Amino acid sequence: MTPDAVDKLTQSLRRLVAAGHSVVVTEKNLRVARAADWVIDTGLNGKDSGVKVRTVYAGPFEKVVTEEGSEIGAYFGYVAPQA
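Residues numbered from 1 in each chain as written. Predicted model: local features only at pLDDT ≥ 70, side-chain atom pairs only at ≥ 80, totals over all residues. Heavy atoms only, no water.

(A) Inspection of the overall build of the protein chain at higher detail. Per the secondary structure count, the protein chain includes 5 helices and 2 strands. Ordering the α and β elements of the protein chain from the N terminus gives α-α-β-α-β-α-α. Expressed as a percentage of its 83 residues, the buried residues of the protein chain come to 25%. Nonlocal contacts in the protein chain, meaning residues at least 24 apart in sequence, comprise 35% of its contacts between residues at least 6 apart. Total accessible area computed for the protein chain in this model is approximately 6100 Å², and 54% of it derives from carbon and sulfur atoms. (Helix = DSSP H or I, 4+ residues; strand = E, 2+ residues; numbered from the N terminus. Buried < 20%, exposed > 50% of the residue type's maximum accessible area, 1.4 Å probe, protein only. Contact = heavy atoms within 4.5 Å. Areas by Shrake-Rupley, 256 points an atom, 1.4 Å probe, with all protein chains shown as cover.)

(B) Geometry of the pattern of salt bridges. In this structure the tally under the stated criterion is 2 salt bridges. One salt bridge in this structure joins K8 and D4, with 3.3 Å as the shortest N-O distance. Taken together, the residues span about one helical turn, with K8 and D4 both in helix α1 (residues 3-18) at a distance of 4 residues. Residue D7 pairs with R31 through a salt bridge whose shortest N-O separation is 2.3 Å. Here R31 lies in helix α2 (residues 30-35) and D7 lies in helix α1, a separation of 24 residues in the sequence. (Salt bridge = Lys/Arg side-chain N within 4 Å of Asp/Glu carboxyl O.)

(C) Region of interest: a nonpolar patch on the surface. Together, L16, V17, V23 and V25 make up a nonpolar patch on the protein surface, roughly 280 Å² of accessible area in all. Locating V25 in the fold gives a position in the loop between α1 and α2. Taking the relative accessible area as the measure of exposure, V25 reaches 39% and is therefore partly exposed. (Patch = residues over 30% accessible without salt bridge, like charges linked within 9 Å, V, L, I, M, F, W, Y side chains within 5 Å.)

(D) Geometry of α1. Taking 1.5 Å per residue as the helical rise, α1 with its 16 residues ought to reach 22 Å, and the 22 Å between its terminal C-alpha atoms agrees with that figure. Of all the residues in α1, the buried ones are V6, T10 and L13. The buried residues of α1 all sit within an arc of 65° when viewed along its axis, so they share a single face. Of the exposed residues in α1, the ones pointing more than 90 degrees away from its buried face are K8, R15 and A18. Close packing links the buried residues of α1 with α2. Directly beyond the C-terminal end of α1, a positive phi value near 100° is found at G20. (Expected span 1.5 Å × (residues − 1). Arc of directions from axis to C-beta.)

(E) Quick look at the packing of aromatic side chains. The full count for this structure, using the stated rule, is 2 aromatic pairs. Summarising the aromatic geometry, the rings of F61 and F76 are spaced 5.4 Å apart at their centres and angled 45° between planes, so their arrangement reads as tilted. Here the residue F61 occupies a position in helix α4 (residues 61-64), and F76 occupies one in helix α5 (residues 71-79), the gap between them amounting to 15 residues. Side by side, F61 and F76 carry an identical accessibility label, which is buried. When the ring of Y75 is compared with that of F76, the centres are 5.9 Å apart and the planes differ by 50°; the resulting orientation is tilted. Taken together through their ring pairs, the aromatic side chains of F61, Y75 and F76 make up a single cluster. (Phe/Tyr/Trp six-rings, centres within 6.5 Å; stacked < 30°, edge-to-face > 60°.)

See below:
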């Protein structure tokens, strides 16, 4: 997504939440994930393993970067170490 598209998306999502709605977004864009109040990491290989989806981590974005076993957290920590 372009930076402008990310801005529009996160603004729209914030308006929905402010209006009392729950929002679930599947996205690995760093800026979108950082804007979330809760991150659910289901791992990178879940869809190829033929097993049901597993949860590697669920919690605030700031902590996913230190979660052992979270590949996406390791990636986010690498590209944004000051997360």
